[in-house]
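# Geometric and topological summary
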Amino acid sequence: MTELTRRRDKELAREKWNIFHGDVCIGAIGLRAGVPNHADQWEWKCGFHPGCDRTTGGPTGTFEQARAAFEAKWQQLLPTLTEADFQACRDQRDWTERKQAMWERGEKLPSQQPSSLMRCPCGAMFDSHRPAESHVHRQHIYAAQKRDGIRR
């Protein structure tokens, strides 16, 4: 069985520990922000997204209480998870890292780049900014629009 590990989140000024099952962050335990002194100061969260859409947690008075609550909930949740659940989380994490790296390099995602390419109802791809290419497909497009009730 994979052992749980925890790592301090150094991005935050307040104390927070991310909890990992292998290489997947499955929750956290940390000090709550913006709560009055008389309220419970610690909180825990158990679960991850995507892959495990059953996330739960709550406030507690001490780190030890938060840890015990987390571990109890994890023992209930773990048997319901599959390797595919963990892989979905890894895939999302990896995609987000690739996307952030592209943005840091000043690149855009393919979906963010304007394109004048179109697909004709006949199946051919053409550049709509080139009249010689697009003219031959105009009748196909008009016929499809008429068929779909877009054009009279």
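The structure contained in this document is the topic of the report that follows. (Residues numbered from 1 in each chain as written. Predicted model: local features only at pLDDT ≥ 70, side-chain atom pairs only at ≥ 80, totals over all residues. Heavy atoms only, no water.)

Let's shift gears to the overall build of the chain. The number of helices and strands found in the chain is four helices and seven strands. Shown N-terminal to C-terminal, the secondary structure of the chain runs as helices and strands in the order β-β-β-β-β-α-α-β-β-α-α. In terms of principal-axis extent, the alpha carbons of the chain reach across some 70 × 35 × 30 Å. A burial count over the chain gives 28% of its 152 residues as buried. Contacts in the chain between residues at least 24 apart in sequence constitute 27% of all its contacts with a sequence separation of at least 6. Of the roughly 10,700 Å² that the chain leaves accessible, carbon and sulfur atoms contribute 51%. Both charge centroids of the chain, one from 24 positive and one from 20 negative side chains, sit 9 Å from each other. (Helix = DSSP H or I, 4+ residues; strand = E, 2+ residues; numbered from the N terminus. Buried < 20%, exposed > 50% of the residue type's maximum accessible area, 1.4 Å probe, protein only. Contact = heavy atoms within 4.5 Å. Areas by Shrake-Rupley, 256 points an atom, 1.4 Å probe, with all protein chains shown as cover. Lys, Arg positive; Asp, Glu negative; His and termini not counted. Charge placed at Lys NZ, Arg CZ, Asp CG, Glu CD.)

Looking now at the environment of Arg-93. Positionally, Arg-93 belongs in helix H2 (residues 83–104). Taking the C-alpha atoms as reference points, Arg-93 and Cys-25, 68 residues apart in sequence, are found 9.9 Å from one another.

Within the largest apolar cluster, 19 residues are counted, with the highest numbers of intra-cluster contacts made by Ile-26, Ile-29, Phe-48, Phe-70, Trp-74, Leu-81 and Phe-86. Secondary structure elements with two or more residues in this core: strand E2 (16–21), strand E3 (24–31), strand E4 (42–48), helix H1 (63–77) and H2. With five residues, the top contributor of residues to this core is H1. Setting aside residues up to four positions removed in sequence, Phe-48 forms contacts with Val-24, Cys-25, Ile-26, Asp-53, Thr-55, Leu-81, Asp-85, Phe-86 and Cys-89. (Core = buried A, V, L, I, M, F, W, Y, C linked by side-chain atoms within 4.5 Å.)

Sheet architecture is open: five strands sit in the order E1-E2-E3-E4-E5, paired in antiparallel fashion. One side of each edge strand has no neighbouring strand; the edge strands of this open sheet are strand E1 (4–8) and strand E5 (52–60). Averaged over all neighbouring strand pairs, the angle between strand axes comes to 20 degrees, with direction disregarded. Pairing of E4 with E5, which is carried by six bridges, proceeds in the antiparallel orientation. By the bridge assignment for E5, Phe-48 is matched with Cys-52. Against the sheet, H1 makes contact with E1, E2, E3, E4 and E5, and its axis sits at roughly 20 degrees relative to E4, the strand it touches most. Against the sheet, H2 engages E2, E3 and E4, with an angle of about 75 degrees to E3. (Pairing = 2+ DSSP bridges. Axes fitted to C-alpha atoms, helices over the stretch in contact; angles between N-to-C directions.)

Turning next to H1. The end-to-end C-alpha distance of H1 is 21 Å, a good match for the 21 Å that 15 residues give at a rise of 1.5 Å each. All buried positions along H1 are accounted for by Phe-63, Ala-66, Phe-70, Trp-74 and Leu-77. Down the axis of H1, the buried set is contained in an arc of 65 degrees. They therefore lie on one face. Facing away from the buried side of H1 by more than 90 degrees, the exposed set consists of Glu-64 and Gln-76. (Expected span 1.5 Å × (residues − 1). Arc of directions from axis to C-beta.)

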